[in-house]
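# Examining the three-dimensional arrangement
Here are the chains, one letter per residue:
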Amino acid sequence: MAQLSVNNLSLGYDGKEILNGLSFQVTAGSYLCILGENGSGKSTLMRTILGLQSPLSGEVSTGDGLIQNEIGYLPQQTAVQKDFPATVWEIVLSGCQGRCGLRPFYRREEKQLAAENIRRMGITELRNRCYRELSGGQQQRVLLARALCATRKMLLLDEPVSGLDPKVTGEMYRLIDTLNKDGITVIMISHDMEAALRYATHILHIGKTVFFGTKQQYLESSAGKAFTGKEEM
Amino acid sequence: MSLMDNLKMYFQYPFVRYAMIVGILIALCSSLLGVTLVLKRFSFIGDGLSHVAFGAMAVAGVTGLSNEMILVMPVTILCAVLLLRSGQNAKIKGDAAVAMISVGALAVGYMLMNLFSTSSNISADVCSTLFGATSILTLTLTEVWVCAVLSVIVAAAFLFFYNKIFCVTFDENFARATGIKADVYNLLVAIIIAVIIVLAMNLVGSLLISALIIFPALSSMRVYKSFRAVTICSACLSVFCTAVGILISILSGTPVGSTIVAIDMAAFIIFSLAGAVRR
């Protein structure tokens, strides 16, 4: 059974439809890359999967033991966060907030989970540093550790490498790949064709033509050929 | 007579003690949410809402309500909810909506006061509502109790929801995605701000309230680097500045509200320098 099923989904905002009839499924442990031009509805799709926005029609459902609130989300950075006075520890711990319900304070297990994810991201020495003083790559690791606190099963990454330099970008991709190998399902929005073809198991290409399938099928499809061909030119 | 004796003499009067108690409580409450408001880019909302409270106060005065709070509190809360809600997807953008509501309420309030006032000295009335003037020194025991109870509720709500408020302030979308009801907390923040503003009108008057909300937060953000330290520091700083401001105004006869704000400004300058040195 699939962890995430999207059935005949129509997306849009202000009543304008930008995408319709979208269906795909994500099974546990897969690595799905969502590709498409700007304005094709990638971010809208992601917001819909997370339940931040309701679809015009169709449905998104979760299964295989996954609850919608348990999807770890790595959003793009917002302007508010640029000068936010908070330590790495406070931010990562806030990823556990979804488990708390109405309980006002964190339990010991939650603190342990946060510490463990900080270690996993290799940012233990930054634990008491202020978020706004970190480099772009370090900030992404902090947000990734926070997302891991919210999930054990699935991560949704919204352009995780935008604004990072090539070296840090490579490290970020390897980190995400490690998490995927550890059994976490990854859904990533990306512009980066090369990385998508290197790491992903499945590709969803949205735009004028919609494609969903494994990486191999994508490379053989007309959508894939058009896109990869364009990239090479 | 020494300074201490002089102060001792003043503190024998209940109205001075009341002013001190109420001042400290209001300073504490207003600084707690200041951090969230500044970070959410809502600094101006305090100002807008205080003008709304002024308008409501004028209406209450004109209609001859014995207890103005009954009208002022709900109207201010309603406007706070509307303003914070409209933040994301309104036709009129956040700052424009605040400006529109605040000047509108100010104009209507002043007009009503002029048209229907029973008092002989309208400009003094207006001035005291806008700048606080002496109203903090004329508090009754009931008003002190109302203020104390509301302050305790505000502080308790903030403590109880501290972690959630942090989460929603830092990243609203993430909070929503992990199942936190961000709208509920935004609503809670809006209501608390409205309550604080109505309370603070007595202390500093409606024009100066936003200073009480934003200065302590901005000052401590210059120096401290964690959300908790910033919150604690801004609460302590706010209480300290208000206490000093009230003492100075009692001793030298300056207006309470503007003295407090002047002390807050001085603290901001000192903290900015300290922050610059530390970096």
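All residue numbers refer to positions counted from 1 along the written sequence of the respective chain. For naming, the first written chain is A and the first written ligand is 1, with later ones following in the order written. Owing to the predicted nature of the model, reporting of local features is limited to residues with pLDDT of at least 70; listing and counting of side-chain atom pairs is limited to 80 or more, with chain, interface and lining totals taken over all residues.

Our focus in this paragraph is the confidence of the model for chain B. Summing up the model confidence of chain B, the mean pLDDT is 84 and the portion of residues at 70 or higher is 92%. Reported for the predicted complex are a pTM of 0.86 and an ipTM of 0.86. As a per-residue measure, pLDDT reflects the predictor's confidence and takes values from 0 up to 100.

For helices the rule is a DSSP run of H or I covering at least 4 residues; for strands it is a run of E covering at least 2, with both sets numbered from the N terminus onward. Residue position: Ser94(A) is located in the loop between α3 (88–93) and α4 (97–100). When the 28 C-beta atoms within 10 Å are taken as the criterion, Ser94(A) is described as buried. The spacing of Ser94(A) and Pro55(A) is 39 residues in sequence and 28 Å in space, taken between C-alpha atoms. Beyond its immediate stretch of four places on either side in the chain, Ser94(A) contacts Arg146(A), Phe166(B), Cys167(B) and Phe170(B). With C-beta atoms placed from the backbone, a residue is buried if 20 or more other C-beta atoms are within 10 Å of its own, exposed if 12 or fewer are, and partly exposed between those counts. We call two residues in contact if the C-beta atoms placed from their backbones are at most 7 Å apart.

The next point concerns the nonpolar core. Of all hydrophobic cores here, the largest spans 158 residues; its most connected members are Leu156(A) and Ile193(B). All the domain ranges listed were derived from an automatic or database domain assignment. Viewed by domain, this core spans two of them, domain 1 (1–66 + 153–233) and domain 2 (79–152) of chain A, each represented by three or more residues. Sequence-distant contacts of Leu156(A), defined by excluding residues within four places in its chain, comprise Met46(A), Ile49(A), Leu50(A), Ile71(A), Gly72(A), Tyr73(A), Leu74(A) and Ile187(A). Note on terminology: a nonpolar core is any set of buried Ala, Val, Leu, Ile, Met, Phe, Trp, Tyr and Cys residues joined through C-beta atoms within 7 Å.

Turning our attention to the sheet that holds strand β2 (residues 16–26) of chain A. All names here are of chain A. Strand pairing follows a simple DSSP-based rule, namely that at least 2 bridges must link the two strands. An order of β2-β1-β4 is seen for the 3 strands of this open sheet, with the pairing classed as antiparallel. Two strands lie at the open edges of the sheet, namely β2 and β4 (57–62), each paired on one side alone. On average, each strand axis in the sheet is inclined to that of its neighbour by 25°, with strand direction left out of account. In the sheet, strand β1 (residues 4–13) pairs with β2 via 7 bridges, with the strands oriented antiparallel. Geometry is summarised by axes, namely lines fitted to C-alpha atoms with helices restricted to the contacting stretch, and by angles between N-to-C directions that run from 0 to 180 degrees.

Attention now moves to the domain arrangement of chain A. Residue and element names in this part refer to chain A. Split by domain assignment, chain A resolves into domain 1 (1–66 + 153–233) and domain 2 (79–152). With 9 residues of domain 1 at the contact, the number on the domain 2 side is 6 residues. Contributions of two or more residues to the side of domain 1 that touches domain 2 are made by β6 (154–158) and α7 (166–181). The greatest single-element share of the side of domain 1 that touches domain 2, amounting to 3 residues, is contributed by α7. Here the residues of the side of domain 1 that touches domain 2 sort into 6 nonpolar, 1 polar and 2 charged. For this classification, Asp, Glu, Lys and Arg are treated as charged, while Ala, Val, Leu, Ile, Met, Phe, Trp, Tyr, Cys and Pro are nonpolar and the rest, including Gly, are polar.

Our next topic: the interface of chain A and chain B. Every contact between the two is made by 23 residues of chain A and, on the other side, 26 residues of chain B. For the side of chain A that touches chain B, the secondary structure elements donating two or more residues are β5 (71–74), α2 (79–82), α3 and α4 of chain A. Across the side of chain A that touches chain B, the residue classes tally to 15 nonpolar, 7 polar and 1 charged.

Residues and elements named next belong to chain A. If you trace the 6 strands from one edge of the open sheet to the other, you get β5-β6-β7-β3-β8-β9, paired in mixed fashion. Looking along the sheet, the strands with just one partner apiece sit at the ends: β5 and β9 (211–214). Between one strand axis and the next, the sheet turns through 15° on average, direction left out of account. Here strand β8 (residues 202–205) pairs with β9 via 4 bridges, running antiparallel. Bridged to Ile 203 within β9 is Gly 213. Helix α6 (residues 136–150) contacts β5 and β6 of the sheet and is inclined by roughly 165° relative to β5. Packed onto the sheet, α7 meets β3 (31–35), β6 and β7 (185–189) and runs at close to 150° relative to β7.

Attention shifts here to the packing of helix α11 (residues 209–223) of chain B against helix α12 (residues 227–252) of chain B. All names here are of chain B. Where α11 meets α12, the axes come as close as 8 Å, and the angle between the chain directions of the two elements is 130°. Classified by the angle between their axes, α11 and α12 sit oblique to one another. Our pair here, α11 against α12, has a crossing hand that is right-handed. Facing α11, whose interface residues are Pro 216, Ala 217, Ser 219, Ser 220 and Met 221, α12 presents Val 230, Cys 233, Ser 234, Leu 237 and Ser 238. Split by residue class, the contact of α11 with α12 holds 6 nonpolar, 4 polar and no charged. For classification, angles of less than 35 degrees are called roughly parallel, those exceeding 145 degrees roughly antiparallel, those between 65 and 115 degrees roughly perpendicular, and all remaining angles oblique. In a left-handed crossing the near helix is turned counterclockwise from the far helix by less than a right angle, and in a right-handed crossing that turn is clockwise.

Moving on: helix α2 (residues 14–39) of chain B. With 26 residues, α2(B) extends 39 Å from end C-alpha to end C-alpha; this agrees with the ideal 38 Å at 1.5 Å per step. Phi turns positive, to about 65°, at Arg41(B), one or two residues after α2(B). Multiplying 1.5 Å by the helix residue count minus one yields the expected span of that helix.

Another aspect to go through is unusual backbone geometry. Residue and element names in this part refer to chain A. Even without a glycine there, the phi angle at Asn 8 is positive, about 45°. Its place among the elements puts Asn 8 in strand β1. A tally of 12 C-beta atoms within 10 Å means that Asn 8 is categorised as exposed. Phi angles above zero are rare outside glycine, and Glu 159 is one such case at about 40°. Relative to the helices and strands, Glu 159 resides in the loop between β6 and α7. The exposure class assigned to Glu 159 is partly exposed, which follows from the 17 C-beta atoms found within 10 Å.

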